[in-house]
Amino acid sequence: MKTLLPSKSETDEPKHAEREATPSAMVPGRFGVYGGRYVPETLMAALHELEHAYAEAQKDPAFASELAYLLHHYAGRPTPLYFASRMTESLGGAKIYLKREDLLHTGAHKINNCIGQGLLARRMGKRRVIAETGAGQHGVATATVCALFGMECIVYMGEEDMRRQELNVYRMRLLGAEVRGVSSGSATLKDAINEAMRDWVTNVRTTHYLLGSVLGAHPYPTMVRDFHRVIGIEARQQILEAEGRLPTAVLACVGGGSNAIGAFYEFIPDKNVRLIGVEAGGRGTALGEHAARFQGGSPGVLQGTYSYVLQDDAGQITLTHSVSAGLDYASIGPEHAALHDAGRAEYVSASDESALQATVKLARTEGILPALESAHAVAEAMRIAPKMDRNDILLINLSGRGDKDMGILARELKLQGA
Amino acid sequence: MAIQFAHQPGLIVYLTIGDPDLATSKKIALAAIDAGVDVLELGVPFSDPLADGPVIQRASERAVRNGTRLTDVLALARELRTERPHVGLVIFSYLNPLLRMGLEAFAKAAQSAGVDAVLVTDMIAEESQEYRAIMKNHHLQTIFLVAPTSPDERLARIAEVAEGFIYAISRVGITGTQQQVAGDARDLVTRMRRYTNLPIALGFGISNAAHVGAVAEFADAAVVGSAIVALIEQSSPQQAPAAVGAFIAGLHASAIVEENVLS
């Protein structure tokens, strides 16, 4: 059975047909040909343990009810679906709805997954939790859940990200987490994941790795998606209540892709609903200037999973750039790779500049300050809404709030004379 | 060509190729072989070596920065094979550089260069079917890792697919030196013997003659990596080959002495 691994000659053939013809049922955690498990052998026992614990938890009504209780009473679910009327009016086209994940406790969707994995860590008897973070939102959510459950928490964060998301570093420390700076590579999210995996390999018997996106080896991409599915489940019901019909498109920013897959998943069977993922276009199209994996990348293996990767012709992972730390990553969740190849979801990119403009626009028309990550999805909506009909509906997953970005915004907007 | 261990215990040496530069790597490799290495692991530098400790990370970073590619490592293998026909040659890599070259193209080039075997750090038995089939077509053996955390059923599964030798990881953790050979190691090797007749090599943290001596008590070969990579880091390019040769000769002589003491 052919699994993955296109050789150079194969990549000359039409990609779609080739990949659809080679799914693997042998290995769990495959999305088309993507996903899988590419890790050092030392981690395999822990991945099996986690997979088993998650499968057991899914069968346990007590797990579901505790998760639901905490999502409601602690995190603040369900989040509103808000009709952005002034934004809609100002764009003069499609109706804009915002799924307000930014209103969740800790300020982003990340808490959904952290509560779920925190409960799993407790079930597995692991008292030490490690995590990586880019923008710091996952680190803050992890530190929060560890405080809630009384667990030791260590967060790995690139030193570049620590600098640009300083407020979140303080928040994590206040919550009792230890933040360990990572200076290797580009000192951003990818390097933080490397360091977290090295910690996990070393302390695997006592430690749960609370991975923050739909990345890494199986079962993470599936499990993290499941914990975020609630976003799309709520949003679909809410838009039907508000409009009596489904949206024209669902938009979400895509770094690793956790908020996007959470928002998209429930709509996948709704073939008429466009799913639009927005990657970081950064400041240019050359390798190293962006994090648009579907435009500049090709299939490869990074950090445990087979997906699209930004790499050079020798297979070295290239540096990335984005004004938003949370999108500044060289690979993308494998399920997005499969949705991309199948043509079910579209992936576009928004530049640093347009994300900054979208932030200002949303702040001034609606009084809502989005995270720079989420602003990429807003930017794409601003681009396409004016060309659309007034009966069209754009549902944007507003995955996080922008308080953490005040330092960057102050600097960048001042440069632009705003 | 096949992997063979002329010494007891066999000595396997890992080098990050391209650190400090390709020409020096070749001189170091020749010095190592001449000092009595059974198998040389030619490490392909990778931008994200997540199973490696700081020493090999730094070496890998230097080699990537000076532009060392998988094709350079294969070219070096070809030269070593020509100049030292008897030594075992293993390409030691993370998966992505091989994928990027294409597994078929890689295997063809490796076979042509005279490589004996391939070890991919992040390739587990369950994912390896296509990879093994391609390597087999080109008469390349596929070496797999076993870890102290691997339960018996995984050891059995790995034994089914492994060739050449079993690379047993001496302790949970990343590559790097340690004070003594971990207690985990003997237990792992003992468990693995139930499932395989292949030689078992012990690696991770083997950094001096005493360690090699301890390995000889229960395993067939010792892998020395970070200690040598660190020595190269500390030496000038001119000194590095002789320094590595002397270090390896020391490991080897002491190992034999140690074994005599034990027997």
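Residues numbered from 1 in each chain as written. Chains lettered and ligands numbered in written order. Predicted model: local features only at pLDDT ≥ 70, side-chain atom pairs only at ≥ 80, totals over all residues. Heavy atoms only, no water.

K.L.:
Just checking my understanding: could you explain the overall build of chain A for this structure?
P.N.:
Along the backbone of chain A there are 16 helices and 14 strands. Expected size for 418 residues packed as a compact globule is a radius of gyration near 22 Å; at 20 Å, chain A falls within 12% of this value. Dimensions of chain A along its principal axes, counting C-alpha atoms only, are 55 × 55 × 45 Å. Here chain A holds 418 residues, and 66% of them are scored as buried. Put simply, 74% of the contacts in chain A that link residues at least 6 apart link residues at least 24 apart. About 14100 Å² of surface is accessible on chain A, with carbon and sulfur atoms providing 53% of the total. Side chains of chain A give 44 positive and 48 negative charges; the mean places of these two sets differ by 3 Å. (Helix = DSSP H or I, 4+ residues; strand = E, 2+ residues; numbered from the N terminus. Rg over C-alpha atoms; globule rule 2.2 N^0.38 Å. Buried < 20%, exposed > 50% of the residue type's maximum accessible area, 1.4 Å probe, protein only. Contact = heavy atoms within 4.5 Å. Areas by Shrake-Rupley, 256 points an atom, 1.4 Å probe, with all protein chains shown as cover. Lys, Arg positive; Asp, Glu negative; His and termini not counted. Charge placed at Lys NZ, Arg CZ, Asp CG, Glu CD.)

K.L.:
What am I meant to see in the overall build of chain B here?
P.N.:
What chain B contains, in helices and strands, is eleven helices and eight strands. Here chain B has a C-alpha radius of gyration of 17 Å; the compact-globule value for 263 residues is 18 Å, and the two agree. Taking the principal axes of its C-alpha atoms as reference, chain B extends roughly 45 × 45 × 30 Å. Considering chain B as a whole, with its 263 residues, one finds that 64% of them fall into the buried category.

K.L.:
Even after reading the chapter, I still don't get empty space enclosed by the protein, so can you show me in this structure?
P.N.:
Gaps left between atoms are located by rolling a probe of water-molecule size over the structure's atoms. One pass over the structure, following the stated rule, counts nine cavities of 30 Å³ or more. Around the largest cavity sit 30 residues that line it, and His109(A), Lys110(A), Ala135(A), Gly326(A) and Glu373(A) are the ones nearest its centre. Among the secondary structure elements, those contributing two or more residues to the lining of the largest cavity are β5 (128-133), α6 (137-149), α9 (189-203), α11 (258-264) and α15 (372-384) of chain A. Taken as a whole, the second largest cavity encloses approximately 160 Å³ of empty space. Forming the boundary of the second largest cavity are 19 residues, of which Ile56(B), Tyr167(B), Thr175(B), Gly225(B) and Ser226(B) lie nearest the centre. Breaking the lining of the second largest cavity down by element, the ones donating at least two residues are β8 (221-224) and α10 (226-234) of chain B. Of the residues in the lining of the second largest cavity, the class split is nine nonpolar, eight polar and two charged. (1 Å grid on protein atoms, 1.4 Å probe; cavity = no way out; pocket = protein on both sides within 12 Å on 5 of 7 lines; lining within 4 Å. Points joined across faces, edges and corners; volume = space filled by probe spheres on them. Nonpolar A, V, L, I, M, F, W, Y, C, P; charged D, E, K, R; others polar.)

K.L.:
I would appreciate a short explanation of the packing of helix α3 (residues 70-83) of chain B against helix α5 (residues 103-113) of chain B in the present structure.
P.N.:
Two quantities define a packed helix pair, namely the angle between the axes and the distance from one axis to the other. All names here are of chain B. Interaxial distance between α3 and α5 falls to 8 Å at its minimum, and their mutual angle equals 20°. Put simply, α3 runs roughly parallel to α5. Residues Leu70, Leu74, Ala77, Arg78 and Arg81 of α3 pack against Phe106, Ala109, Ala110, Ser112 and Ala113 of α5. Considered class by class, the residues forming the contact of α3 with α5 number seven nonpolar, one polar and two charged. (Axes fitted to C-alpha atoms, helices over the stretch in contact; angles between N-to-C directions. Parallel < 35°, antiparallel > 145°, perpendicular 65-115°, else oblique.)

K.L.:
How should I be thinking about the nonpolar core in this particular structure?
P.N.:
For soluble globular proteins, the rule of thumb is that nonpolar side chains tend to be buried together. Within the largest apolar cluster, 176 residues are counted, with the highest numbers of intra-cluster contacts made by Leu40(B), Phe106(B) and Leu202(B). If we ignore the near neighbours within four places in the chain, the residues touching Phe106(B) are Leu70(B), Leu74(B), Ile91(B), Leu98(B), Met101(B), Val118(B) and Met135(B). Counting residues in each nonpolar core, the second largest holds 26 residues, with Ala249(A), Ile276(A), Ala350(A) and Ile396(A) among its members. (Core = buried A, V, L, I, M, F, W, Y, C linked by side-chain atoms within 4.5 Å.)

K.L.:
Would you take a moment to explain the pattern of salt bridges for this structure?
P.N.:
Pairing between side chains of opposite charge can happen when the charged atoms of each approach one another. Taken as a whole and judged by the stated rule, the model has 52 salt bridges over all chains. In this structure, Asp187(B) and Arg191(B) form a salt bridge, with 3.5 Å as the shortest nitrogen-oxygen distance. Here Asp187(B) pairs with Arg191(B), and both are found in helix α8 (residues 183-193), just four residues apart, close to one helical turn. For Arg191(B), a relative accessible area of 11% translates into the label buried. Put simply, Glu160(A), Asp161(A), Arg163(A), Arg164(A) and Asp328(A) are held in one network by salt bridges that share partners. (Salt bridge = Lys/Arg side-chain N within 4 Å of Asp/Glu carboxyl O.)

K.L.:
Looking at this model, I keep getting lost on helix α7 (residues 152-161) of chain B. Mind explaining?
P.N.:
For an α-helix, the turn length of 3.6 residues means that residues three or four places apart are oriented alike. Listing the buried residues of α7(B) in full gives Arg154(B), Leu155(B), Ile158(B), Ala159(B) and Val161(B). Seen along its axis, α7(B) keeps its buried residues to an arc of 165°; they face one direction. Exposed and oriented more than 90 degrees from the buried face of α7(B) are Glu153(B) and Glu160(B). In this structure, the buried side of α7(B) is in contact with α2 (44-59) of chain A together with α6 (129-137), β5 (141-146) and α8 of chain B. (Arc of directions from axis to C-beta.)

K.L.:
So what exactly am I meant to see when it comes to the confidence of the model for chain A here?
P.N.:
Detailed reading of predicted coordinates is not advised where the pLDDT is low. Taken over all residues, the pLDDT of chain A has a mean of 92, while the share at 70 or more is 93%. Low pLDDT (under 50) marks residues 1-26 of chain A, which in the prediction has 52 contacts with non-local residues, meaning those over four places away or in another chain. (pLDDT = per-residue confidence, 0-100.)

K.L.:
Teacher, can you tell me more about the interface of chain B and chain A here?
P.N.:
Bring the parts together and some accessible area is lost; that lost area is often taken as the interface size. With 45 residues of chain B at the interface, the matching set in chain A holds 45 residues. Summing both partners gives a buried area of about 3700 Å² for chain B against chain A, and 52% of it is carried by carbon and sulfur. One can count five salt bridges joining chain B with chain A. One salt bridge in this structure joins Arg205(A) and Asp184(B), with 3.3 Å as the shortest N-O distance. Remark: the boundary between chain B and chain A carries 23 residue pairs in polar contact (both at pLDDT 80 or more). For the side of chain B that touches chain A, the secondary-structure elements that each account for two or more residues are α2 (54-65), α4 (95-101), α5, α6, β5 and α7 of chain B. (Buried area = accessible area lost by both parts, 1.4 Å probe. Polar contact = N/O pair within 3.5 Å; in protein donor to acceptor, adjacent residues only side chain to side chain.)

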